[in-house]
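# Tertiary structure, described
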There are 4 protein chains.
Amino acid sequence: MTSVLNHNNPGGNFVGYGNEVLLYFDRKRKFLVKLEQGKKISSDRGTIVADNIVGKSIGSSFITSLNVRGWVLKPLLIDYLEKGIKRATQVIYPKDLGFMILLLGIESGSRVLEAGVGSGNTTAVLAYFVKPLGHVYGYEVRKEFIEIAKNNIARLGLDKYVTIKHGDIKEGIEERDLDAAVIDIPDPWEALNSIYVALRPSAPVAFFVPSMQQLIKLYDALNSHGGFIDIKAYEILLREIELSPTSIRPATRMIGHTGYIVFARRVLKG
Amino acid sequence: MTSVLNHNNPGGNFVGYGNEVLLYFDRKRKFLVKLEQGKKISSDRGTIVADNIVGKSIGSSFITSLNVRGWVLKPLLIDYLEKGIKRATQVIYPKDLGFMILLLGIESGSRVLEAGVGSGNTTAVLAYFVKPLGHVYGYEVRKEFIEIAKNNIARLGLDKYVTIKHGDIKEGIEERDLDAAVIDIPDPWEALNSIYVALRPSAPVAFFVPSMQQLIKLYDALNSHGGFIDIKAYEILLREIELSPTSIRPATRMIGHTGYIVFARRVLKG
Amino acid sequence: MTSVLNHNNPGGNFVGYGNEVLLYFDRKRKFLVKLEQGKKISSDRGTIVADNIVGKSIGSSFITSLNVRGWVLKPLLIDYLEKGIKRATQVIYPKDLGFMILLLGIESGSRVLEAGVGSGNTTAVLAYFVKPLGHVYGYEVRKEFIEIAKNNIARLGLDKYVTIKHGDIKEGIEERDLDAAVIDIPDPWEALNSIYVALRPSAPVAFFVPSMQQLIKLYDALNSHGGFIDIKAYEILLREIELSPTSIRPATRMIGHTGYIVFARRVLKG
Amino acid sequence: MTSVLNHNNPGGNFVGYGNEVLLYFDRKRKFLVKLEQGKKISSDRGTIVADNIVGKSIGSSFITSLNVRGWVLKPLLIDYLEKGIKRATQVIYPKDLGFMILLLGIESGSRVLEAGVGSGNTTAVLAYFVKPLGHVYGYEVRKEFIEIAKNNIARLGLDKYVTIKHGDIKEGIEERDLDAAVIDIPDPWEALNSIYVALRPSAPVAFFVPSMQQLIKLYDALNSHGGFIDIKAYEILLREIELSPTSIRPATRMIGHTGYIVFARRVLKG
């Protein structure tokens, strides 16, 4: 099957003009580029001429003007998240998103609420997993980010699975019977009634809050609301391991905290 | 859309006979049960009579014989992983699986290799994300686990998206042009040629290895093979936060280590 | 120099009657015992006859009745903490104590306040580092623990460096010009005035609080008090690595949380 | 008691000329300075005139030329480690040192071996805890660091408790019957015989190794040597918590790895 991410890459196993490809040199040097006739891609590893790559098998290596070897790859979701999303806001990291997707049971066909679209990073990931029959309904109060989010999502070819609205979920959510929700706003405790109304009974919701004060307020509100049970909270620490033939070891620096992930399930109140 | 997990639960928003439901009391007391006429479910919170639950709205609460309140929920993937999978072998944990799914870019339609099926826990998760058009090809050398895995996967209604084979990937993989692979065997460095042949160029593979000796051997083999680039390794620490109105804090006990996750991409050799 | 821990072990390099020794078999089997004439020590590794060990060099091995090899060692502080302290209360773990000692700058000669003596575990560690010229002043409101603490501290031969008082530091501390303080009580924010009066200007204090609610209350109180600056908070995760010739890896289970350590320095108010 | 760290600070509770003090503004702005007549200390918080501080009580606040408030404090060990040690080499961090000190049972009076003196950071900490009757014997093969280390240690007034030698412990250690050892060299498995000879029977040793390859080699060598038992390995993760009235949360960035700490005890071989 052709992945939607490769909507610009119809040509099967060979690299063609118009394809978006990942040019890979090493862990620090990767370039997500659209190949066009005559295009030259400059890097500190030398220049790459698009015409020299087109026609090669996907997965082939090539040589730059500086005689450095690189590879031409089909981009993965993670490549778009790392290289293809313009980040105008803080985003939820893959370590947290993967766990959320799994615990929420997001699947092909799910109808999902997202609050706090920001740059559209989480929206894109949700859309990737609900396609082709599901849909993501995203709300964002800061108008200036909506265009950025839409462009980011379109770059991944996921726009037809997403509706982004300018609005505040605290004032209401238009959809009903949604299968799951991801809430990444500063004061989610104010939005519990809206979320309650929008989710189908038994549906799960994940909240993302950075601080302890927020975690406490959110838990207290969920706990006393009456419409949410099975409240759980987690934090995830991701450690990259540095790899070399003589020294394999956890990296010296790591992200120490992104936020707390809080799960709950919407039940019938009373 | 009706989720495949609710293949026994066709009746929309009301609980029906034959439905598999989650009876929830608290974080420690959850029961995944199939409701049958006349069935009585015993628990330390009292007896629940299936007939009293059937006909209720999904998400409703009920009262046990001991006058304790519970809720009837549609099970999520995580409920099946926690309560519906018979574990005959060590399994990969949700914290690791969610991250793998995201980094591998597993999606609806993917054709995925799995080596080391074991109890079928990972197989089920992969099938959940590739359905309805993708497929998981699982290999397992220990014949005694294959029936267990098949039963586990069938319980989730995911069997039509999975083929499990009795065999050792080191001796060859029958499929070609696979989109991704999850390898959970003790000596994955011996299987690199098989994996190389089975994956399409540019496809990602994730390995799961518990020990440092394995990590070193695997890295050295990947690094010198020639057909794999973009080698990355991680470990994930999941911390549950205990929640109560007077004390919110990370849990005293946690899982300190499951394994190292190693990613690579298959390229054209030479 | 003869360590105070070896107050029962005056005989230099040879094991004598009356010595407290550590009999070591493996990581799970260690016994802290006082050797007396005719004493037999039973273990699942067989019986050890004290008379057969006395006279040997410290560090020698011996053979039990079941033909298992063990070693006779001089106990270290950590052996007393693990095997020689009767734990009637929750204690602060070595991972946290070591860091506190270093950041507080506890040293031989320090005069230290401790609030929340409990079983005397922290008291013993503080006494170990302030001896022979310093002193620990410990307060405990729960009378029933004071005798236990005194016995534990005496077993390590550290009693002459410790004064334990039955009392609540919130109602006042008798000492003045103390060099440092370790506060392990449930509501330390109520004790800031007492601590302020007891510490010499510029002296550091370490608080130990398990929950986020406590951390927030403590920080807010320290921050608004006026007599404390340089407020810092930490948590420490200790991971044991399992060692075997074929598999070296972090242990599957670990302590995920003990408490937050909060440091501050007492300055002149106003 | 006057701490040795305050050897330049004999004057009790008042700030005097010649004193080394910590001028504190906030977590990021601390200055360790020796106060001399007429000295002006410049900072981005304004200028501080030494003459205006001398005569004040320790712990007092002062106002800079830019009208910013600061405090004058007696430096602690940790202030010297953070501000008073010139770092020419990688050092062992306080989180690791505190735990080592505790598990090794370093105490006033201990005679301790150190291999890999580097900048003298660990040496200073060891000296701090063994004073006034103990001694640290440090070995360093890289001649260029010895002067730096000596100067660093002298700045803390700890030089009389330390002997630093230019030499390689793999070629032998001159001391005998040492109470403990801290080994921070790249290939400690080559030095086990030297360490065995220098330590008294039953004495503990701590090794610090950054990589998994080193950890495996060291464990294998310790395990097969015959003169070391009770082999344990750990890693410590220190998380700083960011504190503010509206947001308390673990810091976004943290040190993800420094090294593995390996403990063993020297016994009689054979």
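In this text, all values refer to a predicted model and were calculated from it rather than measured experimentally.

A few words on the overall build of chain A. Across its full length, chain A holds 7 helices and 15 strands. Referenced to the eigenvectors of the C-alpha coordinate spread, the extents of chain A come out at roughly 70 × 45 × 35 Å. Pairs at least 24 residues apart make up 62% of the contacts formed inside chain A by residues separated by at least 6 positions.

The next subject is the interface of chain D and chain A. On the side of chain A, 17 residues touch chain D, which itself brings 17 residues to the contact. At the level of elements, helix 7 (212-225), strand 13 (249-250) and strand 14 (253-255) of chain D are the ones that each hand at least two residues to the side of chain D that touches chain A. The leading source of residues in the side of chain D that touches chain A is strand 14 of chain D, at 3 residues. The class makeup of the residues in the side of chain D that touches chain A is 7 nonpolar, 7 polar and 3 charged. Bridge count for strand 14 (residues 253-255) of chain A against strand 14 of chain D is 3 bridges, and the pairing is antiparallel. Residue Arg253(A) lies in a different strand from strand 14 of chain D, and its bridge partner there is Ile255(D).

All names here are of chain A. Along its sequence, chain A is organised into domain 1 (4-75) and domain 2 (79-266). Distance between the C-alpha centres of domain 1 and domain 2: 32 Å. If you look at the interface, domain 1 gives 7 residues, while domain 2 gives 8 residues.

Next up on the list: the interface of chain B and chain A. Counting from both sides, the interface comprises 63 residues of chain B and, opposite them, 63 residues of chain A. Broken down by secondary-structure element, the contributors of at least two residues to the side of chain B that touches chain A are strand 6 (69-73), helix 2 (77-84), helix 3 (94-104), helix 4 (121-130), helix 7 (212-225), strand 12 (228-242) and strand 15 (260-266) of chain B. When residues of the side of chain B that touches chain A are assigned to their parent elements, the largest contribution, 13 residues, is made by strand 12 of chain B. A per-class count over the side of chain B that touches chain A returns 37 nonpolar, 13 polar and 13 charged. Sheet topology note: the strand 12 (residues 228-242) of chain A/strand 12 of chain B ladder contains 9 bridges and is antiparallel. Paired with Ala233(A) across the two strands is Ile241(B), which belongs to strand 12 of chain B.

Once chain B has been moved 0.0 Å along the axis and rotated by 180°, it coincides with chain A to within an RMSD of 0.1 Å. Both chain copies can therefore be described as sitting about a two-fold axis. Relative to the rotation axis, the C-alpha of Gly98(B) is the closest in chain B, positioned 2.0 Å from it. In this assembly the copies share their binding face: 100% of the residues contributing to the interface of chain B also contribute to that of chain A.

What follows is about the confidence of the model for chain A. Per-residue pLDDT for chain A averages 95, and the proportion of residues at 70 or more is 97%. What the predictor reports for the complex is a pTM of 0.96 with an ipTM of 0.96.

Turning to the sheet that holds strand 5 (residues 61-63) of chain A, a few remarks are in order. Residue and element names in this part refer to chain A. If you trace the 4 strands from one edge of the open sheet to the other, you get 2-1-6-5, paired in antiparallel fashion. The open sheet has two edge strands with one neighbour each: strand 2 (29-34) and strand 5. Between one strand axis and the next, the sheet turns by 30° as a mean value, whatever way the strands run. Relative to strand 2, strand 1 (residues 20-26) is paired through 6 bridges, and the arrangement is antiparallel. What sits directly across from Leu23, in strand 2, is Phe31.

A word on the relation of the copies chain D and chain A. With an axial shift of 0.0 Å and an RMSD of 0.0 Å, the rotation relating chain D to chain A amounts to 180°. Here 100% of the contact residues of chain D are again contact residues in chain A; the copies associate through an equivalent surface.

Residues and elements named next belong to chain C. Considering the arrangement of structural elements, one finds Gly259 in the loop between strand 14 (253-255) and strand 15 (260-266). The class for Gly259 is buried, based on 21 C-beta atoms found within 10 Å. Remark: the alpha-carbon pair of Gly259 and Tyr234, spanning 25 residues in sequence, is separated by 8.8 Å. Setting aside chain neighbours within four positions, we find Gly259 in contact with Phe208, Val209 and Pro210.

Another point: unusual backbone geometry. That bond from Lys131(A) to Pro132(A) is cis: its omega, 0°, falls within 30 degrees of zero. Secondary-structure assignment places Pro132(A) in the loop between helix 4 (121-130) and strand 8 (135-140). The residue Ser202(D) is not glycine, and still its phi comes out positive at about 85°. Along the polypeptide, Ser202(D) turns up in the loop between helix 6 (192-198) and strand 11 (204-209).

Attention shifts here to the environment of Arg200(B). Residue and element names in this part refer to chain B. With respect to the helices and strands, the residue Arg200 is situated in the loop between helix 6 (192-198) and strand 11 (204-209). With 67 residues separating them along the chain, Arg200 and Val267 place their C-alpha atoms 8.4 Å apart. The residues touching Arg200, leaving out its near neighbours within four places in the chain, are Asp177, Leu178 and Asp179.

This part covers the sheet that holds strand 6 of chain B. All names here are of chain B. One open sheet accounts for 4 strands, arranged 2-1-6-5; its pairing is antiparallel. Since the sheet does not close on itself, it has two edges, and those belong to strand 2 (29-34) and strand 5 (61-63), each with one partner. Each adjacent strand pair in this sheet contributes to an overall mean axis angle of 30°, direction not counted.

Quick look at the pairing of strand 15 (residues 260-266) of chain A now. All names here are of chain A. Taken across its 7 residues, strand 15 has 7 buried, putting it largely inside the fold. Alternating residues of strand 15 divide into Tyr260, Val262, Ala264 and Arg266 and Ile261, Phe263 and Arg265, and every residue in both groups is buried. As paired elements, strand 11 (residues 204-209) and strand 15 share 6 bridges and run antiparallel to each other. Within strand 15, the position partnered with Val205 by the bridge is Ala264. Pairing of strand 12 with strand 15 involves 5 bridges; the strand directions are antiparallel. Of the residues in strand 15, the one forming a bridge with Lys232 is Phe263.

Cut-offs and rules
Residues numbered from 1 in each chain as written. Chains lettered and ligands numbered in written order. Predicted model: local features only at pLDDT ≥ 70, side-chain atom pairs only at ≥ 80, totals over all residues. Helix = DSSP H or I, 4+ residues; strand = E, 2+ residues; numbered from the N terminus. Contact = placed C-beta atoms within 7 Å. Nonpolar A, V, L, I, M, F, W, Y, C, P; charged D, E, K, R; others polar. Pairing = 2+ DSSP bridges. Domains from an automatic or database assignment. Least-squares fit on C-alpha atoms with pLDDT ≥ 70 in both. pLDDT = per-residue confidence, 0-100. Axes fitted to C-alpha atoms, helices over the stretch in contact; angles between N-to-C directions. Buried ≥ 20, exposed ≤ 12 C-beta atoms within 10 Å, placed from the backbone.

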